Number of protein chains: 2
Amino acid sequence: MNTTTRATLNDVAREAGVSLATVDRVLNKRPGVHARTVNRVADAVARLGYRPDPSAARLARPKPHRVCFVLPAGNNSFVAMLRDQVTDNLGWASDHRVTLEIAAVDVFDPAELAEGLRSTKGNFDTVVVVAHDHPLVRAAIDELVDAGMGVVTLVSDAPSSRRHRYVGIDNVAAGRTAATLMGRFLAGRPGEVGVVAGSLALRDHAERWFGFGQVMASEFLHLKVLPPLEGKDDSLRTEPLMRELLAAHPRLIGLYSLGAGNRGIAAALREADRARDVVFVAHELTPYARRELLSGTMDAVINQDAGHEVRSALRQALSRLTREPVLSDQERIRIDIYVKDNLP
Amino acid sequence: MNTTTRATLNDVAREAGVSLATVDRVLNKRPGVHARTVNRVADAVARLGYRPDPSAARLARPKPHRVCFVLPAGNNSFVAMLRDQVTDNLGWASDHRVTLEIAAVDVFDPAELAEGLRSTKGNFDTVVVVAHDHPLVRAAIDELVDAGMGVVTLVSDAPSSRRHRYVGIDNVAAGRTAATLMGRFLAGRPGEVGVVAGSLALRDHAERWFGFGQVMASEFLHLKVLPPLEGKDDSLRTEPLMRELLAAHPRLIGLYSLGAGNRGIAAALREADRARDVVFVAHELTPYARRELLSGTMDAVINQDAGHEVRSALRQALSRLTREPVLSDQERIRIDIYVKDNLP
DNA sequence: CTGTTAGCGCATTCAT
DNA sequence: ATGAATGCGCTAACAG
């Protein structure tokens, strides 16, 4: 079970018959080393099973890695949770010789996001961004990558950009999960199911809707899914929309809210006195959602753990810089299901 | 957002007007320092907001911390997952100057567990144990604690012992969660619900049963919960039990398996051709449970993440040794719910 | 009771 | 193209 004492850089140097500095050059792929020497060192590394000691590496590193979180501006609860998680990790970051900064941009404006991203160029080693799958944003991301920076997308991906990692959930699967819960909680009752999104132009929202529709159409044919409403993730807009929906659809027995703005939805449900009757499935376990789960207005919440996401983004950002390995198992972001009984 | 450059031990020494060694003595609570000096140093630490650099500390530490995992013997799938997770973390451990060892003992025999625990005394700094809430085991744990070792209970706790931490889920809440899923999936259908445990003498099993009963009795009065069967977590024993149960109860429409031995249960359900009809809720997302979820035999699985548990136990074990802070948020083990759509 | 000193393993000048 | 030397912040052995 024990690993015998690790080989050090010095061991490798001796084994390869070269000096410390040379080994360092080949390990960090710096130029100016003869090909023959490179091989010699590589062999020695392999023979000794050398792995750099991360503690020593950190200690010796003269300047910190700089990472910037580019997060949506505004007072959305989930975004607030992300922001809090970043500040909660300041100590950890400092222990690992990394400095953290947060920038806020308007997510619904791709040009501004792109601009915000570009402005980090040269000032950071890595940027972690809640992206938006839009040409301007993709271009900005690729520009940073070309400049040698690390780019990690968080929560919302830009898959066709050249970002190094995406940290977040599979939103299609999340939509499917919501559908399964909806269908099973409704257990055979026929009727209509409403869907409220923030904006279907947002890739994650579109994906959730897609997954939801997939399962509803194949497994719960007795339920009629209504066309999605778009409330811009804003309670002030979702509330009237929801009020109309309820008035127009007396047979509505289920509601899937795949974005934010849930306070408005809950308010309309209560006003119509249908909060208990309608099965309400939403996303993100905010303090507010927690209360609604306990009150019985919400029946299930699909969640992505903001803390886990921020830590994972940090670990992956670092691993690119230090080539420390990551345990892929630990970095997989789960699709959490919460009901009133398993709240953390 | 940035932390200014951290104060070092040397800064503290200078600020307090003493030497490095004295500061070290104070910080590590070693004896032989005048009370006045202790205060001087403490003040300097506070004034400078000093936090030790964990990398430097690890690098300088001459010998590794030794931690021993005392896990149940046998071929239970969940225990196999725990074991695998320990070996998966060997690299991490080595990076943190800790050595890992695994010992296997028979969980169902408290005397053997106690003996196994005692045998680690002096050979390890910390032991992580899947405990058993039994007087002999509690005594053995307390003995290790008295000897200055760290003790972390994993998955199964011994609450009245003096263990430093418990890493695992709230099993009462897990039972309640199972009941809510059962009740809602059954959605008003009246009938009987069976319960299969490993042994109600095991505290975690008893707690799950308790939580399950709580919710069933208060929220789903149309469902009749049958007395629990005990299958020793063994498919060879659960299968015949289950076969009898099905024969005796044609109105059985739900089954909660709160321990292991699920293969036997599924086999009996299939044999009686009632796998699709009975709502089957079980624990632990083993490779086997995964398949049954996809096949539709199992309807939901309550899980505790073995990887998360092992890493958390490790971090907490280390934090006691190095007094590095832990993010409590990160150490909370979630009660995961899996359906066929959100499988990792 | 308190101070001095020598590394831990690596990154990085500065020489050669 | 390669090597020697210095120091990161801390622990622990050794001197006073």
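Rules and cut-offs
Residues numbered from 1 in each chain as written. Chains lettered and ligands numbered in written order. Predicted model: local features only at pLDDT ≥ 70, side-chain atom pairs only at ≥ 80, totals over all residues. Heavy atoms only, no water. Contact = heavy atoms within 4.5 Å. Buried area = accessible area lost by both parts, 1.4 Å probe. Salt bridge = Lys/Arg side-chain N within 4 Å of Asp/Glu carboxyl O. Least-squares fit on C-alpha atoms with pLDDT ≥ 70 in both. Helix = DSSP H or I, 4+ residues; strand = E, 2+ residues; numbered from the N terminus. Buried < 20%, exposed > 50% of the residue type's maximum accessible area, 1.4 Å probe, protein only. Polar contact = N/O pair within 3.5 Å; in protein donor to acceptor, adjacent residues only side chain to side chain. Near = heavy atom within 4 Å. Nonpolar A, V, L, I, M, F, W, Y, C, P; charged D, E, K, R; others polar. Expected span 1.5 Å × (residues − 1). Arc of directions from axis to C-beta. Domains from an automatic or database assignment. Pairing = 2+ DSSP bridges. Axes fitted to C-alpha atoms, helices over the stretch in contact; angles between N-to-C directions. Right-handed = clockwise from strand over helix to strand, strands pointing away. Phe/Tyr/Trp six-rings, centres within 6.5 Å; stacked < 30°, edge-to-face > 60°. Lys NZ or Arg CZ within 6 Å of the ring centre and 35° of its normal.

As annotated in an unreviewed UniProt entry, chain A carries the name LacI family transcriptional regulator and comes from Piscinibacter gummiphilus.

Draft legend 1. Seen up close, the interface of chain B and chain A. Contacts between chain B and chain A engage 54 residues on the former and 53 residues on the latter. Summing both sides of the interface, chain B and chain A together bury roughly 4,700 Å²; the carbon and sulfur share of this comes to 49%. Between chain B and chain A we count 16 salt bridges in total. A salt bridge links Arg97(B) to Asp53(A), with the shortest nitrogen-to-oxygen separation between them at 3.3 Å.

Draft legend 2. Summary view of the relation of the copies chain B and chain A. In screw terms, the move from chain B to chain A is a rotation of 180° and a rise of 0.0 Å along the axis, fitting with an RMSD of 0.1 Å. Both chain copies can therefore be described as sitting about a two-fold axis. When each C-alpha of chain B is compared by its distance to the rotation axis, Ser55(B) comes out closest, at 2.2 Å. In this assembly, 98% of the residues forming the interface of chain B have copies in chain A that are likewise at the interface, indicating an isologous arrangement.

Draft legend 3. Structural view of the side chain of Asn342(B). Take Asn342(B): it is sitting in the segment after β12 (336-338). When its relative accessible area of 3% is taken as the criterion, Asn342(B) is described as buried. One polar contact links the side chain of Asn342(B) to the main-chain carbonyl oxygen of Ile335(A), over a distance of 3.0 Å. The residues touching Asn342(B), leaving out its near neighbours within four places in the chain, are Thr177(A), Ile335(A), Ile337(A) and Ile337(B).

Draft legend 4. Local environment of the protein's contact with DNA strand D. Residues in close proximity to DNA strand D total 25 residues, the closest being Ser19(A), Arg25(A), Thr37(A), Leu9(B) and Tyr50(B). A share of 66% is what sugar and phosphate atoms reach among the atoms of DNA strand D within 4 Å of the protein. A distance of 2.5 Å separates a base oxygen of DNA strand D from a polar atom in the side chain of Arg25(A). The contact in question runs from a phosphate oxygen of DNA strand D to an N or O atom on the side chain of Tyr50(B), over 2.5 Å. Elements with a contribution of two residues or more to the surface near DNA strand D: α2 (20-27) and α4 (54-60) of chain A together with α2 (20-27) and α4 (54-60) of chain B. Tallied by class, residues from the surface near DNA strand D come to 13 nonpolar, six polar and six charged.

Draft legend 5. Up close: helix α5 (residues 77-88) of chain B. Between its first and last C-alpha, α5(B) extends 16 Å over twelve residues, near the 16 Å set by a 1.5 Å rise per residue. Every buried residue of α5(B) is accounted for by Phe78(B), Val79(B), Leu82(B), Gln85(B) and Val86(B). Angular distribution of buried residues about the axis of α5(B) spans 115°; they occupy a single face of the element. Tucked inside the fold, the buried residues of α5(B) contact α15 (328-331) of chain A together with β1 (65-72), α6 (90-95), β2 (98-105), β4 (150-154) and α14 (306-322) of chain B. Among the residues of α5(B), the N-terminal cap falls to Asn76(B), whose side-chain oxygen and the backbone nitrogen of Phe78(B) are separated by 2.8 Å.

Draft legend 6. Broad picture of helix α9 (residues 171-186) of chain A. Residue and element names in this part refer to chain A. Helix length check: α9 (16 residues) gives 22 Å between terminal C-alpha atoms against 22 Å at 1.5 Å per residue, within 8%. By the criterion of burial, α9 is predominantly enclosed, with 14 of the 16 residues buried. For α9, the capping residue at the N-terminal end is Asp170, with a side-chain oxygen 3.0 Å from the backbone nitrogen of Val172. Count one or two residues on from α9 and you reach Ala187, which has phi positive near 35°.

Draft legend 7. Here's a closer look at the protein's contact with DNA strand C. For DNA strand C, the set of nearby residues contains 23 residues, the closest of which are Leu9(A), Tyr50(A), Arg25(B), His34(B) and Thr37(B). Within 4 Å of the protein, the contacting atoms of DNA strand C are drawn from sugar and phosphate to the extent of 64%. Between DNA strand C and Thr37(B), the relevant distance is 2.8 Å, taken from a phosphate oxygen to a side-chain nitrogen or oxygen of the residue. One of the backbone N or O atoms of Ala60(B) is found 3.3 Å from a base oxygen in DNA strand C. For the surface near DNA strand C, a count of residues per class yields 13 nonpolar, six polar and four charged.

Draft legend 8. Structural view of the domain arrangement of chain A. With domains assigned, chain A is organised as domain 1 (9-51), domain 2 (59-168 + 306-333) and domain 3 (171-303). A separation of 33 Å is found between the C-alpha centroids of domain 1 of chain A and domain 2 of chain A.

Draft legend 9. Highlighting the sheet that holds strand β3 (residues 126-129) of chain A. Residues and elements named next belong to chain A. Across the sheet, five strands lie side by side as β2-β1-β3-β4-β5; this open sheet has parallel pairing. The open sheet has two free edges, formed respectively by β2 (98-105) and β5 (165-167), since each of these has just one partner strand. Recorded for the sheet is a direction-independent mean angle of 20° between the axes of neighbouring strands. Judged from the eight bridges that link them, strand β1 (residues 65-72) and β2 form a sheet pairing that is parallel. Paired with Arg66 across the strands is Thr99, a residue of β2.

Draft legend 10. Region of interest: the environment of Gly175(B). Residue and element names in this part refer to chain B. Tracing the sequence through the fold places Gly175 in helix α9 (residues 171-186). By relative accessible area, which is 0% here, Gly175 ends up buried. Spatially, the C-alpha atoms of Gly175 and Leu27 are 44 Å apart, while their sequence positions differ by 148 residues. In contact with Gly175, other than residues within four places in its own chain, are Arg208, Gly211, Phe212 and Tyr256.

Draft legend 11. Region of the structure containing the pairing of strand β6 (residues 191-197) of chain A. All names here are of chain A. Of all seven residues that make up β6, seven are buried, and the element is covered over most of its length. Sheet topology places β6 next to strand β7 (residues 223-225); three bridges connect them, and they run parallel. When the sheet's bridge partners are listed, Val193 is paired in β7 with Val225. Following the chain from β6 across helix α10 (residues 203-219) to the adjacent parallel β7, one finds a crossover that is right-handed. Where β6 lies against strand β9 (residues 252-257), five bridges are found, and the strand directions are parallel. Opposite Glu192, over in β9, you have Leu252 as the bridge partner. Summarising the sheet, β6 and strand β8 (residues 229-230) pair through two bridges and their orientation is parallel. For Val196, the partnering residue across the bridge sits in β8 and is Leu229.

Draft legend 12. How the structure looks around unusual backbone geometry. All names here are of chain B. With a phi close to 50°, Lys29 is a non-glycine residue in the positive phi region. The residue Lys29 is located in the loop between α2 and α3 (35-48) in this model. Not every positive phi belongs to a glycine, and Ala187 is a case in point at roughly 35°. Secondary-structure assignment places Ala187 in the loop between α9 and β6 (191-197).

Draft legend 13. Quick look at the packing of aromatic side chains. Under the criterion given, the structure shown has three aromatic pairs over all chains. With a centroid separation of 6.0 Å and 55° between ring planes, the pair formed by Phe185(A) and Phe185(B) is classed as tilted. Here Phe185(A), found in helix α9, pairs with Phe185(B), found in helix α9, and the two come from separate chains. Judged by relative accessible area, Phe185(A) falls into the buried class, the value being 5%. Seen from their ring centres, Phe212(A) and Tyr256(A) are 4.4 Å apart, and the 25° between their planes marks the pair as stacked. Of this pair, Phe212(A) sits in helix α10 while Tyr256(A) sits in strand β9, placing them 44 residues apart in sequence. An identical accessibility class is assigned to Phe212(A) and Tyr256(A); each is buried. When the ring centre of Phe185(B) is taken as origin, the NZ or CZ atom of Arg184(A), which lies over that ring, is 4.3 Å away. Here the basic side chain of Arg263(A) rests over the ring of Tyr288(A), its NZ or CZ set 4.7 Å away from the ring centre.

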